[in-house]
Amino acid sequence: MGSKVQTGLLVAGLAMGLSGCVSSISEDIPFVSRFNSDETNLAQPKAEGQGFSLFGSKDATQTTAPSSKDGRDVASNPFKGLFAKKGTSGANASDESVAQNAGGTKFAALFKPKAQATDLSKEERQAQKDYEARVRESAESQIISGLQSRRSLLPSGSAYDRVADSVLAANSRAAEAQLRAARLRAVAASKNWLPSIGPSISLSSLGDLVANLIVEQVLFDNGRKKAERAFAKADVEVAAVNLSMDTNQRVFTALDLYLRAQKASEKADLSTKAFNDMSHFEYIMSERVRGGVSDRSDLVVLRQKLAEIRSEMASNQEARNTAMAELNAMSIRPLEDVRGLPDFKVNGLGTKPLPILLAEAEKERAIAEATMERAGHLPGLKASGSTGTSGNSLGLNVTTDSLLNLGTGASLKAIEATKEGAERLVAQAREDSNRRLRALESQLRGVQRQSGEAQNLTDQSKKSLDLFQAQYKAGRRQVMDVVGVYETYARQQQSAADLRSKGARIKLEIANEMGLLASGAEI
């Protein structure tokens, strides 16, 4: 029993000594990693704001060491007042009682839950904790804060908005699971500067069981630990951008299906109207043939045209049913009652496209990975100690992850080239995205011009049809003359419907490229 107590005290002393060693390197080590630090030579994160260290001395500007009666300085005790009861006398008794429980100690106050949290359920406390974590994450990452501030271009309450809400409610969100895993890895990496403790159990050649407890603390690692935290942070940003791209792509796919259904439905309605009008011409021609006024060949031609219109009408109905079936399959509720093509502006958007954001996040991740690889080729300093059946030991080790060889210099140059390549990938992504946007904007202007011309031609065709019908009633035109003009009018209507749908789809493509089909806060 005495041996076990001695071993436990030795392990505790070893851990406390290592903590004091770390505190001597960095006076205030925060519990939460700061990813925006510019230092690369220490395993510990940069001290920003209030830190915590049991054994580190406080800053001289904040705390003045007490003096004895004879003028000599008295060493401050870090445990002073830790177990003091509430209501103790002294100048600082009122200040110390703030952190104490009623009738308890400061040490007990560290483990007492907050008063306001006692009224919350477990789910509510977890939700509040997640919200606070997201706020901290947004404050530390410019990319994530930019994603959260994005607003959808879809008009609120419109047909587009109803379709988007329905398909997002049924989204499986596979990319969200990847983001959650990346966040957990970032939390784990934020604590990589703390000491590592683990057992070591082995069987000696003499058949004896050797059990030791090993404690290691990295003191100098050429920035590897910091690079690991930067890599985890960039990995979260990459996962967040991928989630945003995946969500916007899902909304675009649903709206594309909706556009196809609306176009097919409009063209089916136009075909139905044309079929009814052509049926009226066919009836007039059949009566004229029966009376011997017109040739039977004209009646055959009209019936052929009716068959073509009937086939086109059936094809449009089938296209509409197919698109709606796909849309309903990815929606949480049927969308048969949704109608209309709302308009929205896509000109003058100052938002950075998602492909560029993804390239920037991947660049930061690649640079952090290259830094870790470079640190693996350089020597680092590590303090380690062990205690157990084989005895106690404590010392400093200088080690490298990779042994030096004749190719180490080339490996280091390749790592630097990787960083330069990551910068060029961002430039390439920016060029590609700008090229796609300029092409889409040019196509949109062309479609809008063609749509205006198609509408003018449709209006002119309608005027010509009205004139021919008036001349037919006056006996100056034949039935086939009116039929020819009516076919031109029907084709112009179909062309105008195609152009309207094409213009709406190009706008959706631009919004998808910019990542503005879904609000970032909702994602």
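Everything below is about the structure printed above this text.
Predicted model only: the values in this text are computed from it and were never measured.

Q: Break down the packing of aromatic side chains for me, with residues and values.
A: For the structure shown, the criterion picks out four aromatic pairs. When the centroid spacing of 6.2 Å and the interplanar angle of 75° are considered together, the rings of tyrosine 160 and phenylalanine 344 count as edge-to-face. You can see tyrosine 160 sitting in helix 6 (residues 159-169) and its partner phenylalanine 344 sitting in the loop between helix 9 (296-329) and helix 10 (354-376), a full 184 residues away along the chain. Since its relative accessible area comes to 0%, tyrosine 160 is described here as buried.

Q: Break down the pattern of salt bridges for me, citing the residues and quoting the values.
A: Under the definition given, this model contains 29 salt bridges. Salt-bridge contacts for glutamate 266 lead to arginine 500; the nearest nitrogen and oxygen are separated by 2.3 Å. With a gap of 234 residues between them, glutamate 266 in helix 8 (residues 224-290) and arginine 500 in helix 12 (residues 479-514) connect regions that are remote in the sequence. With relative accessibility at 27%, the residue glutamate 266 sits in the partly exposed group. The partly exposed category is assigned to arginine 500, whose relative accessible area is 34%. A salt bridge links arginine 424 to glutamate 420; the shortest N-O distance between them is 2.7 Å. A residue pair is termed a helical-turn pair when its members lie 3 or 4 positions apart in one helix, as arginine 424 and glutamate 420 do in helix 11 (residues 408-473) at four residues. A residue is classified by how much of its surface remains accessible, and arginine 424, at 58% relative accessible area, is exposed. Each of Arg173, Glu176 and Arg180 takes part in one network of salt bridges that share partners.

Q: Before we move on, can you summarise the nonpolar core with the specific residues and values?
A: Core analysis: the biggest nonpolar cluster contains 35 residues, and Leu154, Tyr160, Val163, Leu327 and Leu508 have the highest contact counts within it. Elements with a minimum of two residues in this core: helix 6, helix 8, helix 9, helix 11 and helix 12. It is helix 8 that provides the largest number of residues to this core, a total of eight residues. Aside from chain neighbours lying at most four places away, what touches tyrosine 160 is Leu154, Leu255, Tyr258, Leu259, Leu341, Pro342, Phe344, Ala504 and Leu508.

Reading the values: rules and limits
Residues numbered from 1 in each chain as written. Predicted model: local features only at pLDDT ≥ 70, side-chain atom pairs only at ≥ 80, totals over all residues. Heavy atoms only, no water. Phe/Tyr/Trp six-rings, centres within 6.5 Å; stacked < 30°, edge-to-face > 60°. Helix = DSSP H or I, 4+ residues; strand = E, 2+ residues; numbered from the N terminus. Buried < 20%, exposed > 50% of the residue type's maximum accessible area, 1.4 Å probe, protein only. Salt bridge = Lys/Arg side-chain N within 4 Å of Asp/Glu carboxyl O. Core = buried A, V, L, I, M, F, W, Y, C linked by side-chain atoms within 4.5 Å. Contact = heavy atoms within 4.5 Å.

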